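Structural overview for review
Spelled out, the chains give:
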Amino acid sequence: MFAAERRQLILEMVRANGAVSLRELARVVQTSEVTVRRDVRALEAEGLLDRRHGGAVLPGGFTRESGFPQKSHLATAEKTAIADCAAGLVEEGEAIVVGAGTTTQELARRLARVPGLTVVTNSLLVAQALAHANRVGVVMTGGTLRGSNYALVGSGAEQSLQGLRVSKAFLSGAGLTAERGLSTSNMLSASVDRALVQAAAEVVVLADHSKLGTDTMFQTVPTDVITRLVTDEAPAHDDRAAAELQALADQGVEIAVAGAPGGATNAQGGSGGPGAPGVPGASGASGSSGGEGGPGRRQRRDVPLPGPRRQVPGAAAGLRSAGPLGEQPGGTERARVADMRRR
């Protein structure tokens, strides 16, 4: 495919969907993400689209929001991995809130297997995913239906959440930065999401790597309120995503990378340790949330680097350290045997 043909196809995909990830563009035009990134830069220079971290959007995409049909076909593999990882954070008998979005819809499908769970949501899609789960209770907010994302919004939704208290809130959005936290391009959706956050002891954000570094109009959750981020593994060359993840971890956000080697990877900030790809200092632990210091601790949590190993004077490799008198254990016995041989 010639460059002009590729760029025309890329432009058509962005116009049809509003926003498309570089990974999806590369798959459709059957080329590398490096080539697609070059094509996107050329189209941006002509004013035909805007680049966003990990993808491309229509000009003016800062305020534009894609509808559900478009978003449901974006980053499907990433959303599945994120949902699988996030489902592991939910325990039997918990009460949680789940916000609207295609990623949270994927999470809801997995929550149907958690017995004794109670889910409060303003999303018709989340409620539908749990409608036939006999062991899961579903509580819906009131409000006005917003058809573009099948969510209940407005004062009715916000008032129904007053006085509510649950263990965790699971939310997604249009963008996530260390500077502003989670954001969305719709004011009504942002307002309801803020009410969901106020009801929860912990806040878990679900966002694929293409949303990292993207900033939209309305702040939903400030960074210092986010307990944990569940994301997917970014491409190796995506330095911006790695830098954004580290900045989030430095502010106390725990990072769980779905699909990382060995399963989910839990990062707690700092630098120098092994861990999630592109996240310096991520530890290899996974599982329940809370982290060191418990929920609400908003400070950088450095991982101490191991110091150099001390060599024990006089100890050879594979031997125990010398005894109090500088002799190796068993030395007296060996000397006695040698003396008998000389005799």
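Please read these numbers as outputs of a predicted model, since none were measured by experiment.

So, the overall build of the chain
A count of helices and strands for the chain gives 11 helices and 16 strands. Considering only intrachain contacts with a sequence separation of at least 6, the fraction spanning at least 24 residues in the chain is 62%. When the accessible surface of the chain is split by element, carbon and sulfur atoms take 52% of a total near 16500 Å².

Digging into a nonpolar patch on the surface
Together, Leu124, Val138, Met140, Leu145 and Tyr150 make up a nonpolar patch on the protein surface, roughly 390 Å² of accessible area in all. As for its position among the elements, Leu145 is in strand 7 (residues 144-146).

What about unusual backbone geometry?
Although it is not a glycine, Gln30 sits at a positive phi angle of roughly 60°. With respect to the secondary-structure elements, Gln30 resides in the loop between helix 2 (22-29) and helix 3 (33-45). Look at Gln30 and you get exposed, because its relative accessible area is 74%. The phi dihedral of Tyr150 is positive, around 55°, even though this residue is not glycine. Its location among the elements puts Tyr150 in the loop between strand 7 and strand 8 (151-153).

Some remarks on the confidence of the model for the chain
Of all residues in the chain, 69% have pLDDT values of 70 or greater, and the mean over the chain is 76. Across residues 68-73 the pLDDT falls below 50, and counting only partners more than four positions away or on other chains, this stretch makes 14 contacts in the model. Below a pLDDT of 50 lies the segment residues 262-329, which in the model reaches 116 contacts outside its immediate sequence neighbourhood of four places, other chains included.

Looking at the packing of helix 2 against helix 3
The N-to-C vectors of helix 2 and helix 3 enclose an angle of 105°; their axes lie 9 Å apart at closest approach. With respect to helix 3, the element helix 2 is oriented roughly perpendicular. Side by side, helix 2 and helix 3 meet where Leu22, Arg23, Leu25, Ala26 and Val29 of the first sit next to Glu33, Val36, Arg37 and Val40 of the second. Here the contact of helix 2 with helix 3 is composed, by residue class, of 6 nonpolar, no polar and 3 charged.

Points about helix 3
Over its 13 residues, helix 3 runs 18 Å from end to end, which matches the ideal 18 Å to within 8%, given 1.5 Å per residue. Regarding helix 3, the residues found buried are Glu33, Thr35, Val36, Asp39, Val40, Ala42 and Leu43. One or two residues past the end of helix 3 sits Gly47, with phi positive at roughly 75°.

Looking at the nonpolar core
Counting residues in hydrophobic clusters, the biggest one holds 27 residues, and the most contacted among them are Leu176, Val205, Leu212, Val221, Leu229, Leu248 and Ile255. Secondary-structure elements contributing two or more residues to this core are strand 9 (166-171), helix 9 (187-198), strand 12 (200-206), helix 10 (239-250) and strand 15 (254-258). Top element by residues in this core is helix 10. It accounts for 4 residues. In contact with Leu248, not counting residues within four places along its chain, are Leu176, Thr177, Ala178, Leu212, Thr223, Leu229, Val253 and Ile255. In this structure, Ile82, Val98, Leu117 and Ala258 belong to the second largest nonpolar core, which totals 25 residues.

Observations concerning the pattern of salt bridges
Inspection of the entire model under this criterion finds 13 salt bridges. The residue Glu24 makes a salt bridge to Arg27 at a minimum N-O spacing of 2.6 Å. Remark: Arg27 and Glu24 occur in helix 2; sequence separation between them is 3 residues, near one turn of the helix. Of the charged contacts in the structure, one is a salt bridge between Asp84 and Arg110, with a shortest N-O distance of 2.4 Å. Taken as a pair, Asp84 in helix 5 (residues 76-87) and Arg110 in helix 6 (residues 102-111) lie far apart in primary sequence, 26 residues in all. Judged by relative accessible area, which is 45%, Asp84 ranks as partly exposed. Here Arg110 falls in the buried class, since its relative accessible area comes to 15%.

Analysis parameters
- Residues numbered from 1 in each chain as written.
- Predicted model: local features only at pLDDT ≥ 70, side-chain atom pairs only at ≥ 80, totals over all residues.
- Heavy atoms only, no water.
- Helix = DSSP H or I, 4+ residues; strand = E, 2+ residues; numbered from the N terminus.
- Contact = heavy atoms within 4.5 Å.
- Areas by Shrake-Rupley, 256 points an atom, 1.4 Å probe, with all protein chains shown as cover.
- Patch = residues over 30% accessible without salt bridge, like charges linked within 9 Å, V, L, I, M, F, W, Y side chains within 5 Å.
- Salt bridge = Lys/Arg side-chain N within 4 Å of Asp/Glu carboxyl O.
- Buried < 20%, exposed > 50% of the residue type's maximum accessible area, 1.4 Å probe, protein only.
- pLDDT = per-residue confidence, 0-100.
- Axes fitted to C-alpha atoms, helices over the stretch in contact; angles between N-to-C directions.
- Parallel < 35°, antiparallel > 145°, perpendicular 65-115°, else oblique.
- Nonpolar A, V, L, I, M, F, W, Y, C, P; charged D, E, K, R; others polar.
- Expected span 1.5 Å × (residues − 1).
- Core = buried A, V, L, I, M, F, W, Y, C linked by side-chain atoms within 4.5 Å.

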